[in-house]
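Next come the chains, spelled out residue by residue.
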Amino acid sequence: MQTILAQICALQPLYSSSNTPEMQQRGRLVRSDLVSALRDRLQAMQSAFDPVFDDLEVEASDGIGRKTEAPWARVFSKAMSPNPRSGFYLVIHFAADGSAVFFTIGCGSTIWSGGDLRPVSDEELARRTSWARAVVEQRWGTLAPFTSEIHLGAKAALPKTFEKSTALALRVSARELAGADVQAILHSIAERLGEIYLAQLDQRDIAPGEQDAAAIEEISNPLKRRAGRQGMGLTAPERRAVEQRAMELAIKHLTQLGYHCRDTSATQSFDLLATRADETIKVEVKGTTSEVCDSVLMTRNEVDLHRLEKGKTGLLIVYGIRLARREKVPQASKGTVEALLGWDIDAWKAEPIAFQLHRA
């Protein structure tokens, strides 16, 4: 594979947007030779992923119609990243001047809008890549060795969005390719991608309110399920494990504050009745695997309770819960409690996401 990468680098300074002989050769190297070499290594890379991600594939591009300054090849799960505009993937980029190859993890940087490809906003790309880096740092304690800055040096706008959509990168100069252990690099970065996929499977990148909203959307529009967000989400047993873990940590937290807790989740429109001396608080508990906790979903009865008894209710969000799926019954662990006692629901923006309609 090092030879193929080096040959592509050698052709980069001869770039032309037209299909010159040099660009024809580069196209064969990128779309055929490099793809084949990566597919030959898929079985070895598969061990870096959880067995649930058994649908790894490879694709590459050197331009659609006119040639691009920045050809690429990517390895991805078809479920988690069905196209280059969605999800995360392992992607190999080439410097425009042929000076280096970048082994990276990137995410979709464009969307279809009005029949054209348009870039995702810089703010959204920063949020996505920052989240992915946090997942890797939590698992390995460092981003190393994938800490390189990625500068493709291309003049066109699209390659610049590739740079902004890169979460992790390792730069290998063209001169160092011959001695580089490309197989080890691919396996190592595939491990990072596998961890990001697991985090997405746990919906750690989605606010709890958005998770619940997506579930409602599936119920009200079952035929649209196939067109939804990539990934698989949580199963019913996994959701129950998350809910039980959230209740466990919420009770522990309130007990440490001196409250006595009674579980009312089966009979009332709140989860816990917390009492301390002559103080009583009705507490709603929301548990989530997400690390983004800026929204929650509530029923009308729950909203009415928090408004009618403002100052005497609380919201406890337990976020960052982790799931272990190796056992027959999912096991939930960890989690951080954010306690909003005396919560003012009107300080939050309420947005209706579903309506129950009756015949007049």
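The following paragraphs examine the structure supplied in this document. (Residues numbered from 1 in each chain as written. Predicted model: local features only at pLDDT ≥ 70, side-chain atom pairs only at ≥ 80, totals over all residues. Heavy atoms only, no water.)

Negative phi characterises most residues that are not glycine, and trans characterises most peptide bonds. Residue Ala144 is joined to Pro145 through a cis peptide bond whose omega torsion reads 5°. Note on placement: Pro145 falls in the loop between α4 (122-140) and α5 (157-164). Even without being glycine, Gln203 reaches a positive phi, approximately 60°. Positionally, Gln203 belongs in the loop between α6 (182-201) and α7 (208-220). Of note, Ala277 is a non-glycine position whose phi angle comes to about 55°, a positive value. Considering the arrangement of structural elements, one finds Ala277 in the loop between β9 (272-276) and β10 (279-287). (Helix = DSSP H or I, 4+ residues; strand = E, 2+ residues; numbered from the N terminus.)

Our focus in this paragraph is the sheet that holds β9. Strand order in this open sheet of five strands is β8-β9-β10-β11-β14, and the pairing throughout is mixed. Edge positions in the sheet fall to β8 (260-263) and β14 (336-341), since each of these pairs with one other strand and no more. Between one strand axis and the next, the sheet turns by 25° as a mean value, whatever way the strands run. Contacts between helix α8 (residues 236-256) and the sheet are confined to β8, β9, β10, β11 (313-319) and β14, with β10 contributing the most and set at about 150° to the helix. Contacts between helix α9 (residues 300-308) and the sheet are confined to β10 and β11, with β10 contributing the most and set at about 145° to the helix. (Pairing = 2+ DSSP bridges. Axes fitted to C-alpha atoms, helices over the stretch in contact; angles between N-to-C directions. Contact = heavy atoms within 4.5 Å.)

This paragraph deals with the pattern of salt bridges. Across all of its chains, the model carries 17 salt bridges by this definition. Glu57 is the partner of Arg39 in a salt bridge, and the nearest nitrogen-oxygen pair spans 3.0 Å. Taken together, the residues span a long stretch of sequence, with Arg39 in helix α2 (residues 21-40) and Glu57 in strand β1 (residues 56-61) at a distance of 18 residues. Taking relative accessible area as the criterion, Arg39 reaches 43% and is therefore assigned partly exposed. Linked through salt bridges whose partners overlap, the residues forming this network are Arg307, Lys310, Asp344 and Asp346. (Salt bridge = Lys/Arg side-chain N within 4 Å of Asp/Glu carboxyl O. Buried < 20%, exposed > 50% of the residue type's maximum accessible area, 1.4 Å probe, protein only.)

The contact between helix α1 (residues 2-11) and α2 brings their axes to 10 Å, and the two run at 155°. Considering their axes alone, α1 and α2 lie roughly antiparallel with respect to each other. For the crossing formed where α1 meets α2, the hand is left-handed. Packed against α1, whose contacting residues are Ile4, Leu5, Gln7, Ile8 and Leu11, the element α2 presents Glu22, Met23, Gln25, Arg26, Leu29, Val30, Asp33, Leu34 and Ala37 at the interface. A per-class count over the contact of α1 with α2 returns nine nonpolar, two polar and three charged. (Parallel < 35°, antiparallel > 145°, perpendicular 65-115°, else oblique. Left-handed = near helix turned anticlockwise from the far one by under 90°. Nonpolar A, V, L, I, M, F, W, Y, C, P; charged D, E, K, R; others polar.)

So, about the sheet that holds strand β3 (residues 88-94). Backbone hydrogen bonds are what pair the strands of a sheet, in a parallel or an antiparallel way. Read across the open sheet, the five strands follow the order β1-β2-β3-β4-β7; overall the sheet is antiparallel. Either end of the sheet is taken by a strand with one partner, and the two such strands are β1 and β7 (166-173). Recorded for the sheet is a direction-independent mean angle of 15° between the axes of neighbouring strands. Both strand β2 (residues 72-77) and β3 contribute to a ladder of four bridges, which runs antiparallel. Residue pairing across strands places Val75 opposite Leu90, the latter belonging to β3. Its contacts with the sheet place α6 against β2, β3, β4 (100-107) and β7, and it is angled at close to 145° to β3.

Our focus in this paragraph is the packing of α4 against α6. Contact geometry of α4 with α6 gives a least axis separation of 9 Å together with a crossing angle of 110°. The pairing of α4 with α6 is recorded here as roughly perpendicular in orientation. Listed contacts from α6 to Trp131, Ala132, Val135, Val136, Arg139 and Trp140 of α4 are Glu191, Arg192, Glu195, Ile196, Ala199 and Gln200. The class makeup of the residues in the contact of α4 with α6 is seven nonpolar, one polar and four charged.

What follows concerns the side chain of Thr110. Relative to the assigned elements, Thr110 resides in strand β5 (residues 110-113). Apart from residues lying up to four places away in sequence, Thr110 is in contact with Arg85, Leu117, Arg118, Pro119, Val120 and Leu158.

Before going further, it helps to spend a moment on the packing of aromatic side chains. The geometry of an aromatic ring pair comes down to the distance between the two centres and the angle between the two planes. Here the structure, examined in full by the defined rule, presents four aromatic pairs. With centroids separated by 6.1 Å and ring planes inclined at 35°, the aromatic side chains of Phe49 and Tyr197 adopt a geometry described as tilted. Of the two residues, Phe49 sits in the loop between α3 (42-46) and β1 while Tyr197 sits in helix α6, which places them 148 residues apart along the sequence. Exposure remark for Phe49: the relative accessible area of 7% places this residue in the buried category. A relative accessible area of 0% places Tyr197 in the buried class. Considering the side-chain rings of Trp343 and Trp348, the 5.5 Å spacing of their centres and the 90° angle between planes classify their relative orientation as edge-to-face. On the basis of relative accessible area, Trp343 is assigned to the buried category, the value being 6%. Trp348 gets classed as partly exposed once you look at its relative accessible area, which sits at 29%. Put simply, the rings of Phe49, Phe53 and Tyr197 pair up and form one aromatic cluster. (Phe/Tyr/Trp six-rings, centres within 6.5 Å; stacked < 30°, edge-to-face > 60°.)

Our focus in this paragraph is the environment of Ala169. Position of Ala169 among the secondary structure elements: in strand β7. In this structure the C-alpha to C-alpha distance between Ala169 and Ser188, which are 19 residues apart in sequence, comes to 12 Å. Ignoring sequence-local partners within four residues, the contact set of Ala169 consists of Phe103, Thr104, Pro145, Phe146, Thr147, Ser148 and Ile150.

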